[in-house]
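# Report on the structure
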Amino acid sequence: MAFSCFGVAIFLFLFLDSDFSFNSPPVFVSAAASEGVEITYGSVIKLMHEKTKFRLHSHDVPYGSGSGQQSVTGFPNVDDSNSYWIVRPIPDTNEKQGNTIKSGTIIRLQHMRTRRWLHSHLHASPITGNMEVSCFGDDGNSDTGDHWKLEIEGSGKSWRQDQKVRLFHVDTQGYLHSHDKKFSRTAGGQQEVCGVRLKRPDNIWMASEGVYLPVTGSK
């Protein structure tokens, strides 16, 4: 399993994102890794829902209700390449690739395969009727609906691979949330991802597999 994750990560890293360049080698993190590697801008990561262990996932399939935008789900398969996200700064900042990310920082997450941004708004989510989470835009099209504030649980100041975090959506004031409520069998056991305004145990995520760029600077 670890070899498969590495293979997918290397492919994505080298061939799908032309923004990557580095002086020090990146850190490849597999499902079995437990080292608390620092997460920097430009890293390609998977986000694991702490309670259910499903990965934040998207693919080029629209919702059949709500906004009709690209759907976002929780996915059970660790090796799926549609669960990779690039950690990006918001526009008009001085942040650069390789900078560390502190608690309270507003970030964006770009879906690796489709280049769309993790997004939320006030449309109802398809199963629970909470706030829908979707993917929207492209490399040159992003707005404040793509802005998420990183909240690190505990005393950590900079985001690391082994830390529990919440992602707070700036526009809707809701937390990125998931649970064990699943779509139909045709969706392969995927579970709903949505936004909720209350801070709950089901709001917690952890960075897991990925390609972690080395630290080249910090604020």
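Now for a description of the structure that goes with this document. Keep in mind that this is a model prediction, so the values were computed, not measured.

The number of helices and strands found in the protein is one helix and 13 strands. Overall, the protein shows an N-to-C arrangement of helices and strands of α-β-β-β-β-β-β-β-β-β-β-β-β-β. Of the contacts formed within the protein by residues at least 6 apart in sequence, a portion of 69% connects residues at least 24 apart.

Moving on to unusual backbone geometry. One non-glycine residue, arginine 115, lies in positive phi territory at about 70°. The backbone of glutamine 173 sits at a positive phi, close to 60°, despite the residue not being glycine. Following the sequence through the fold, glutamine 173 ends up in the loop between strand 10 (165-169) and strand 11 (174-182).

Looking at the secondary structure, you find serine 125 in the loop between strand 7 (117-124) and strand 8 (131-136). Setting aside residues no more than four positions away along its own chain, serine 125 makes contact with Asn130, Met131, Glu132, Glu192 and Cys194.

Once that is clear, we can look at the nonpolar core. If you look at the biggest cluster of nonpolar residues, it comprises 28 residues, and the most contacted ones within it are Leu56, Val87, Leu118, Trp159 and Leu176. At the level of secondary structure, the elements contributing two or more residues to this core comprise strand 2 (44-49), strand 5 (85-89), strand 6 (106-111), strand 8, strand 9 (148-152), strand 10 and strand 13 (205-212). Discounting chain neighbours no more than four positions away, the residues touching leucine 118 are Leu56, Val72, Trp85, Leu109, Val133, Ser134, Cys135, Gly145, Asp146, Trp148 and Leu176. Core analysis: the next-biggest nonpolar cluster, separate from the first, contains five residues, Val44, Tyr84, Ile86 and Val211 among them.

The subject of this paragraph is the pairing of strand 11. Looking at chain direction, strand 10 and strand 11 are connected through two bridges and run antiparallel. Bridge pairing in strand 11 places histidine 169 opposite glycine 174. Connecting the antiparallel pair strand 10 and strand 11 is a turn made up of four residues, with glutamine 173 showing a positive phi of about 60°. By the bridge criterion, five bridges tie strand 11 to strand 12 (residues 191-196) in an arrangement that is antiparallel. Counted as the bridge partner of lysine 182 is glutamine 191 from strand 12.

Attention now goes to the environment of phenylalanine 75. Position of phenylalanine 75 among the secondary structure elements: in strand 4 (residues 70-75). Judged by relative accessible area, which is 13%, phenylalanine 75 ranks as buried. Separated by 23 residues in sequence, phenylalanine 75 and threonine 52 have C-alpha atoms that sit 9.9 Å apart. In this structure phenylalanine 75 touches Phe54, Arg55, His57, Asp80, Ser83 and Gln190, once residues within four positions along its chain are discounted.

Here the focus is the packing of aromatic side chains. For any two aromatic rings, the description comes down to two numbers: the centre-to-centre distance and the angle of the planes. Within this structure, the stated rule accounts for one aromatic pair. One Lys or Arg, lysine 46, reaches over the ring of tyrosine 84 and ends 4.7 Å from the middle of that ring. In this arrangement the basic side chain of arginine 108 is found over the ring face of tryptophan 117, its NZ or CZ atom lying 4.0 Å from the centre.

Moving on, we come to the pairing of strand 10. Remember that side chains alternate between the two faces of the sheet whenever the strand is regular. Counting buried positions along strand 10 yields five of five residues, so the element is predominantly enclosed. Covered by surrounding structure in strand 10 are Val165, Leu167 and His169 together with Arg166 and Phe168, the residues of both alternating faces. Strand direction decides the pairing type here: strand 9 and strand 10, joined by five bridges, are antiparallel. Counterpart to glutamate 151 in the pairing with strand 10 is arginine 166.

Okay, the side chain of glutamine 110 next. Among the structural elements, glutamine 110 can be located in strand 6. The buried category is assigned to glutamine 110, whose relative accessible area is 1%. A distance of 2.9 Å separates the side chain of glutamine 110 from the backbone oxygen of arginine 115, its partner in a polar contact. A polar side-chain atom of glutamine 110 sits 2.8 Å from a polar atom in the side chain of aspartate 139. Setting aside chain neighbours within four positions, we find glutamine 110 in contact with Tyr84, Trp85, Ile86, Arg88, Arg115, Arg116, Trp117, Asp138 and Asp139.

The rules behind these values
Residues numbered from 1 in each chain as written. Predicted model: local features only at pLDDT ≥ 70, side-chain atom pairs only at ≥ 80, totals over all residues. Heavy atoms only, no water. Helix = DSSP H or I, 4+ residues; strand = E, 2+ residues; numbered from the N terminus. Contact = heavy atoms within 4.5 Å. Core = buried A, V, L, I, M, F, W, Y, C linked by side-chain atoms within 4.5 Å. Buried < 20%, exposed > 50% of the residue type's maximum accessible area, 1.4 Å probe, protein only. Pairing = 2+ DSSP bridges. Phe/Tyr/Trp six-rings, centres within 6.5 Å; stacked < 30°, edge-to-face > 60°. Lys NZ or Arg CZ within 6 Å of the ring centre and 35° of its normal. Polar contact = N/O pair within 3.5 Å; in protein donor to acceptor, adjacent residues only side chain to side chain.

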